[in-house]
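Letter by letter, the chains look like this.
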Amino acid sequence: MASDDVVLPGTEVVLFDDKAAVAQAAADTILAAADAAIARHGRFRLCLAGGTTPTAAYALLADADADWSRWWIYHGDERCLPITDPERNSLAADQVWLNRVPVLPGQVFAIPAELGAEAAADAYEPLVAAALPFDLVLLGMGEDGHTASLFPGRKVPADRLAMPVHEAPKPPPDRVSLTTRALSQSEQLLILVTGSGKADAIRGWSAGEPLPVAQVATAAQSRVLVDRAAAAGLI
Ligand code: 6PG
């Protein structure tokens, strides 16, 4: 769908009618990226988004036919909660998708956030270093323009790939996040934004506000899939 009215600096924007259309397009894009990466270098290195927006796309991937043994799965951020806590990003992806397809357990890398933010970031750092560059990084956006667990006004160390986060404005307060440096080392970024709650942040992004999602998006080749509700202030 034409999206000339929605301009987000440094990104390609594709506008969809609703969340379901965004989810389908996201699943299709991920599967196409997987085919291309496997053809190019024998594996698909995918970094997942947390939150609720991507779960509809994950559910579609659960029914897809793919060469799952070639998929290597990482997470862009994780909440410091017990591994069985329903609010864990990794649990959501496992339940709707990864437990339903034959990905190899040794190729799915959850962030060990149950260890605490510092220990988990230190443990995940070398795994990310060994994975880079990603073939696709999937991201969401919060109502304040955060992405992964990179929140407005927070310093992001330039010399780290994974970082501890405390006092996050979006609960839970303690998290682990990949940094801009890690998230931007990817063949492509795919950013999913749906729902009227994101309209203010989309407007700010379009107006050039230095939101975390904008800073990450301009650091790599980015495509934003947005629905009409989130783009309401611009169309
Ligand atoms: C998290 C996510 C976070 C999320 C946005 C959007 O752990 O909360 O990683 O960055 O992507 O907050 O969340 P929704 O998709 O639930 O709106």
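Up top is the structure these notes are about.
Before going into details, it helps to say that this report is about the structure given with it. This structure is a prediction, so every number in the text was calculated from the model and none was measured.

Conventions and cut-offs
- Residues numbered from 1 in each chain as written.
- Predicted model: local features only at pLDDT ≥ 70, side-chain atom pairs only at ≥ 80, totals over all residues.
- Heavy atoms only, no water.
- Core = buried A, V, L, I, M, F, W, Y, C linked by side-chain atoms within 4.5 Å.
- Buried < 20%, exposed > 50% of the residue type's maximum accessible area, 1.4 Å probe, protein only.
- Helix = DSSP H or I, 4+ residues; strand = E, 2+ residues; numbered from the N terminus.
- Contact = heavy atoms within 4.5 Å.
- Pairing = 2+ DSSP bridges.
- Axes fitted to C-alpha atoms, helices over the stretch in contact; angles between N-to-C directions.
- Near = heavy atom within 4 Å.
- Polar contact = N/O pair within 3.5 Å; in protein donor to acceptor, adjacent residues only side chain to side chain.
- Parallel < 35°, antiparallel > 145°, perpendicular 65-115°, else oblique.
- Left-handed = near helix turned anticlockwise from the far one by under 90°.
- Nonpolar A, V, L, I, M, F, W, Y, C, P; charged D, E, K, R; others polar.

### What about the nonpolar core?
Nonpolar side chains tend toward joint burial in soluble globular proteins.
Here comes step 1: In this structure, Phe134, Leu178, Leu183, Trp205 and Val226 are the most contacted members of the largest nonpolar core, which totals 50 residues.
Here comes step 2: Sort the elements by how many residues they give to this core and helix α4 (residues 117-131) lands first, with six residues.
Here comes step 3: Other than its neighbours up to four places away in sequence, Leu178 contacts Cys47, His75, Gly76, Ile111, Tyr124, Val128, Phe134, Leu150, Leu161, Ala162 and Leu183.

### Observations regarding the sheet that holds strand β5 (residues 136-139)
Here comes step 1: Spatially, β1-β9-β8-β5-β2-β3 is the arrangement adopted by the six strands of the open sheet, whose pairing is parallel. This sheet does not close on itself; its edge strands, each paired only once, are β1 (11-16) and β3 (71-75). Pairs of neighbouring strands in the sheet enclose a mean axial angle of 20 degrees, with direction left out of account.
Here comes step 2: When β1 meets strand β9 (residues 222-227), the two strands line up parallel, connected through six bridges. Residue Glu12 lies in a different strand from β9, and its bridge partner there is Arg223.

### Observations concerning the pairing of β5
Here comes step 1: In β5, alternate side chains face the same way, and those of Leu136 and Leu138 on one face and Val137 and Leu139 on the other are all buried.
Here comes step 2: Relative to β5, strand β2 (residues 44-48) runs parallel, the two being bridged by two bridges. Note that in β5 the partner of Leu46 across the bridge is Leu136.
Here comes step 3: Examined bridge by bridge, β5 and strand β8 (residues 189-193) share three bridges and lie parallel to one another.

### Considering the site of the ligand
Here comes step 1: The immediate surroundings of the ligand are formed by 15 residues, with Thr52, Thr53, His146, Ala148 and Lys170 found nearest.
Here comes step 2: Within the side chain of Arg79, an N or O atom sits 2.8 Å from an oxygen atom of the ligand.

### Some details on the packing of helix α1 (residues 19-41) against helix α2 (residues 55-62)
Here comes step 1: At a minimum axis separation of 8 Å, α1 and α2 run at an interaxial angle of 55 degrees. Relative to α2, the element α1 lies oblique. Crossing of α1 against α2: the hand is right-handed. Side by side, α1 and α2 meet where Ala23, Gln24, Ala26, Ala27, Ile30 and Leu31 of the first sit next to Ala56, Ala57, Leu60 and Leu61 of the second.
Here comes step 2: Looking at the contact of α1 with α2, its residues break down into nine nonpolar, one polar and no charged.

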